[in-house]
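Geometric and topological summary
The chain contents come next:
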Amino acid sequence: MDIGMEDVGVAICQELWNQVTLKAMELCGETRDMVLEKGFFQEFSRTISELRVLLQALNVEKVEAAMNPRLTKTALETLDCLLKTACNIIKDYKSRSFLSGLFQQQSVISQMKSLAEEIAKSISSWQLLNLNIAVNLKSKTEQLINSLSSLESHSAVAAESLASEIQKFMNENGRNRRNALKLLQKIGDAVGVSSTASMVQNELMLLKQEKEEMEAQKKQAEAFELSQLMQFLYSTELVMSPRDKEIAAYHQQYPTESFRCPLSREMMGDPVAIICGHSFERKAIREHFRGGEKTCPICRERLTSVELTPNLSLRSSIEEWKQRDMDLKFQAALPGITSDDRSIQNRAMEVLQVLMERPCYAERVAEEGLIPNFVEMLKNNQLNRIAALKCLSYLAKYCDNHKEAIIEAGAVRCIVRQFYKGQAEPDAVAVLLELSAREDLAEKIGNVRDCIPVLVSLLNYSNLAVSQKARKVLENLSYNTHFVVKMAEAGHFQQFVACFNQGPQETRVSMAAALIQMELKGNTIRDLEDKTFIHNLVQMLSSSSPACISAGLMLIKKLVAFPRMVKRLLADPATVPPLLGLISIVKTDPHWNQESAAILALLVEGHQLTEHQMYQGLQELQSQHNINLFLKLIVSSDSKTKIQILHLLVALGNKFDMARDLIRTDNEGISYLFSSLEGSEPLVKLLAMKLIYCISEGHPSGVPLPPSPAKETAINTLANILTYSVNVEERSTAAGIISQLPNDDIVIDEILCKSEVLKAIREVICNLDEESVGSRAMDNSGTSLLENALAALLRYTEPNKPELYRQVGKLELYPSLVRILSRGSSLAKQRTATALAHLSRSISVSISDSTGKQALPLQNVLNFFSSMFCCGSGMVECVNMCSVHGAACSSRDTFCLVKADALKLLVQNLSEKESGVVEAALMAIETLLTDHSTLPSATAAIEESQGVVAILQVLEKGDLPAKSRALDLFLKMLEHTKLNRQLADRAERILVQLLQDDDLRKKAALVLKQMGILPEQSSYF
């Protein structure tokens, strides 16, 4: 697309044209709201606006055609410059004071006329094609010039007339206030504003700024003229002149010479006379004499005595003068409070806030009915609200009969709104403190919307005076339970706890019910940890009132969600007995049974394992009587109660060995638990399984099974749950229980062999392995299911159970197992490594036997394992030779860590943080070194997988069991490998360090001996 130079020129002119139009629009806006000579400038604004409309109607291309691009551009730039100059003149004129503007008006209008003529000349010079538009434009331009000319004479006359009057006033009598006020009124009418003190104050501020500017520019005549204008405004006496303020301050400080101490030059408060008759302030003359002087400071007469005599007459005169002075100030200030002039109101408040410190003046203000005026002043940002608050604080402090009037005037609402805005002054809180001292007024304060929450927020205020007063106000409001609850809802519980502890049972019930509904946070309930509060709350459980018991249970259940509250509840010996009582009473409300059991479970779960010896209640829960009671209750109770009792037993079993042992020995209870696995409510079944797993995990005897035939039924039930249940948690728990079944029971092995348990385990492992490969992360329940399924698999991989591990070889499970070594949780990796160790040990033993010319046993072992190498590739024959076993493990029916690519992952697992994973991986790797005939090749394979480096890392950072096993493995490998210098130096350093460990010293010495570092006769052997 081609763009010619003409197009560029048109675009530039069009941009200038738009800029000129916008500048004309800005000039219209600036002149439209002029205060001085409003009519003149409004007419000027209308004319410029019409010109702007005409400019918008013109076509820049036609203007260019009539002239040429260069002339058009020059004309537009000229017009833009003229409009900018006009805008600047107007802005400068508007920034001046009204008085200064009157004197500058003629000059401004003259400048505007000249600019208008130049603008008209610029527009008229265009050779427009559209004659109608040209005539219209010319007519408007001429109208603008004529309007400016006709307005100038009138404006000049008005400005000169007012300026002459001001000059005449200053020359004749610059102190005549009445004439000054009349002249000020004329000026106000001329400029369209009210002649108030605030207007005068604003004018003085602007004139002062202009005067300073003139002085800075060395324009002394203009500065003097501005000084005259300022003097004129001060003569109205609507505001005090600097000189008047200075004189007033001087006389206020030194009202009369005779009342001042000649030494301190301050007003005397305790005047005393000396022997010559002169009087001084007692303190000042004492200091004079103490310096060794024995002469009068005034007459210099040498004194025969320095005795001081109180000048009671002078003191009385001073006090009388002070009182009269304060009375005069008070009478002068009172009208100012009701004035419409804000500056007068502020001055009056400044005086009164000092005087009202005396109760008599506060009473007189209240009797004058000025309380509503002070309250209204709090709402006005232009008034001295701090002074108004100070006055209100004195009224609240000294005028008991008028306190209610302060509240009725809306003072509390105004103060609360100020608090919300972050304007918390000590005097504001002091007002509330004084008012709340009366209970009838405290009621009204507490009922003001948001008052209590705002006061609570002030407790942490940075100003200590504010926070302390706010706390005292809340204390005054705490007689009302409803207010105390509001405080707690806002996060302040001190008053709540005090009220709860002191109140009767009915009050505690209502307060507990309110607290139940609140949202509690850990950092806000520290006050609820009060021992007395906890004890009184627990005592509610022993009440004869059902409402009291219910409220107590619900609140305790809410509080045990916080660990610190668990400690406080357990620390009170009275906590557990009533809960046990509510559980054991058969005829009680079932809901109480359930809530009591739930609370006990939460208490057990919430405490630290190291603390149970400290708490009597926890010891009591583990007694044989109570364990038997709980087991009986799960037999006889309804399903909801069963759930809570089972939950409690699971919590006890997870925490305490004694509880686990007592549950295991209760045969009737065990039988019922297993019977609950069939046909029970799902949650009852799940909790029963969790309890069985809890008491079985890690126990030498495994699962405490019921006697036959219930035993066989129980095992089949567990197998069915693992195989067919759709509940992940049920399947996980069932797998966990299966992993804990007694090892030496042939009946159990036969049932498991015939069941679908192994297939279910394979399904879990393969499915979850596929999930971990995908984008979806495995959740906690899936992780737990995998871990427990692997634990159950270990039963099938034990070398002494050929019937079980024969089934493993048929399931093509090994690729998924190997992948778990890199993707599973720490526990999953540990159990997988253990399973692979079992399988590898079995095959290694078989291969070792076969190399020892016992082929038949080897063939028998190999028959146990079919399709063991690649999941989904059972028909593929392994054609590569194994670097460790050679052709001995080339058959598809054999399992080998090297051929399965498990060795590298096992070596990587030696870097895991969990010691169990490291030990299991070491155990699996060690199975490669059981056959002496393959030791060299096995060592080479381990070394090739960076096994030496990993083993050294275990020796350096692992725990004791892992280090011990790693030393055994390292010793075997050293017989068939030679370390490079770097690894040898590192190994020597680590092993020497291990010589300091009593448990590892001998093994470390053997390795150092093998390395040729220690002699055979070393004392370490």
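All values derive from a computational prediction rather than experimental measurement. (Residues numbered from 1 in each chain as written. Predicted model: local features only at pLDDT ≥ 70, side-chain atom pairs only at ≥ 80, totals over all residues. Heavy atoms only, no water.)

1. Some thoughts on the overall build of the protein
The condition is simple: Under the DSSP-based scheme used, a helix requires at least four consecutive residues in state H or I and a strand at least two consecutive residues in state E, with every element numbered from the N terminus. Categorising residues by exposure relies on relative accessible area from a 1.4 Å probe, with only protein chains included: less than 20% of the type maximum marks a residue as buried, more than 50% marks it as exposed, and the intermediate range marks it as partly exposed. Contacts are assigned to residue pairs that have any heavy atoms within 4.5 Å of one another. Only the protein chains shown count as cover for residues, with accessible areas throughout obtained via the Shrake-Rupley method and a probe of 1.4 Å.
A count of helices and strands for the protein gives 52 helices and 3 strands. Counting the 1021 residues in the protein, one finds 49% classified as buried. Looking at the protein alone, contacts between residues at least 24 apart form 68% of all its contacts between residues at least 6 apart. Per element, the accessible surface of the protein, about 49,300 Å² overall, is 49% carbon and sulfur.

2. As for the sheet that holds strand β3 (residues 309-310)
Condition: Strand pairing requires that DSSP identify at least two bridges connecting the strands. Note on geometry: axes are C-alpha line fits, over the in-contact stretch for helices, and angles between N-to-C directions span 0 to 180 degrees.
With respect to topology, 3 strands assemble into an open sheet ordered β2-β1-β3, the strand pairing being antiparallel. Unpaired on one side and paired on the other, β2 (279-281) and β3 mark the two borders of the sheet. In the packing of helix α11 (residues 282-290) onto the sheet, contacts are made with β1 (271-273), β2 and β3, and the angle to β2 comes to roughly 95°.

3. Side note on the packing of aromatic side chains
This is how it is decided: Here the aromatic set is Phe, Tyr and Trp, taking the six-membered ring for Trp, and pairing holds for ring centres within 6.5 Å; pairs whose planes are under 30 degrees apart are stacked, those over 60 apart are edge-to-face, and all others are tilted. Only lysine NZ and arginine CZ atoms are considered, and such an atom sits over a ring when it is within 6 Å of the ring centre and within 35 degrees of the ring normal.
Using the criterion set out here, one finds 6 aromatic pairs in the structure. Directly above the ring of F500 sits R508, whose terminal nitrogen or CZ lies 5.6 Å from the centroid.

4. Some words on helix α13 (residues 342-355)
Structurally, the α-helix is built with 3.6 residues per turn, so residues lying three or four positions apart point the same way. As a reminder of what qualifies: Every helix has an expected span of 1.5 Å times one less than the residues it contains.
Taking 1.5 Å as the rise per residue, α13 with 14 residues should run 20 Å; its terminal C-alpha atoms sit 20 Å apart, in good agreement. Those residues of α13 lying buried are Q345, N346, A348, M349, L352 and L355. In this fold, the buried residues of α13 make contact with α12 (312-337), α14 (359-367), α15 (371-377) and α16 (385-398).

5. Thoughts on the packing of helix α38 (residues 728-739) against helix α41 (residues 780-797)
To be explicit about the condition: Note on angle classes: values under 35 degrees are labelled roughly parallel, values over 145 roughly antiparallel, values of 65 to 115 roughly perpendicular, and the remainder oblique. Throughout, a crossing is termed right-handed when the near helix is turned clockwise from the far one, and left-handed when it is turned anticlockwise from it by less than a right angle. We call Asp, Glu, Lys and Arg charged. Ala, Val, Leu, Ile, Met, Phe, Trp, Tyr, Cys and Pro are nonpolar, and the rest, Gly among them, are polar.
Direction vectors running N to C along α38 and α41 enclose 25°, while the axes themselves pass 8 Å from each other. The orientation of α38 relative to α41 falls into the category roughly parallel. Here α38 and α41 pass one another in a crossing that is left-handed. The residues of α41 that touch α38, namely those facing V728, R731, S732, T733, A735, G736, I738 and S739, are S781, G782, S784, L785, N788, A789, A791, A792 and R795. Classifying every residue of the contact of α38 with α41 gives 7 nonpolar, 8 polar and 2 charged.

6. Focus on unusual backbone geometry
Glycine aside, negative phi is the norm for most residues, and most peptide bonds take the trans geometry. In this structure, P709 follows S708 across a cis peptide bond, with omega equal to 0°. Within the chain, D450 stands out as a residue other than glycine whose phi angle is a positive 65°. For D450, the location among the structural elements is in the loop between α20 (439-446) and α21 (451-457). Judged by its relative accessible area of 30%, D450 is partly exposed.

7. Considerations on the packing of α14 against α16
Two numbers describe how α14 lies on α16: the axes approach to 9 Å, and their chain directions differ by 100°. Put simply, α14 runs roughly perpendicular to α16. Contact residues: α14 offers P359, A362, E363, V365 and A366, while α16 offers Y394, L395 and Y398. Of the residues contributing to the contact of α14 with α16, the split by class is 7 nonpolar, no polar and 1 charged.

8. What to know about the nonpolar core
To be explicit about the condition: We call a set of buried Ala, Val, Leu, Ile, Met, Phe, Trp, Tyr and Cys residues a nonpolar core when their side-chain atoms join them within 4.5 Å.
If you look at the biggest cluster of nonpolar residues, it comprises 183 residues, and the most contacted ones within it are F496, L793 and F970. Once you skip the residues sitting within four places of it in the chain, L793 turns out to touch L758, I761, I765, V808, L813, L817 and A835. Membership of the second largest hydrophobic core comes to 63 residues, among which are A348, L383, L392 and L459.

9. Details of helix α18 (residues 411-420)
In terms of burial, α18 is a largely internal element, 7 of the 10 residues being buried. All of the buried residues along α18 are A411, V412, C414, I415, V416, Q418 and F419. Residues of α18 that are buried make contact with α15, α16, α17 (403-408), α19 (426-436), α20 and α21. Looking at the residues trailing α18, positive phi occurs at G422, about 85°.

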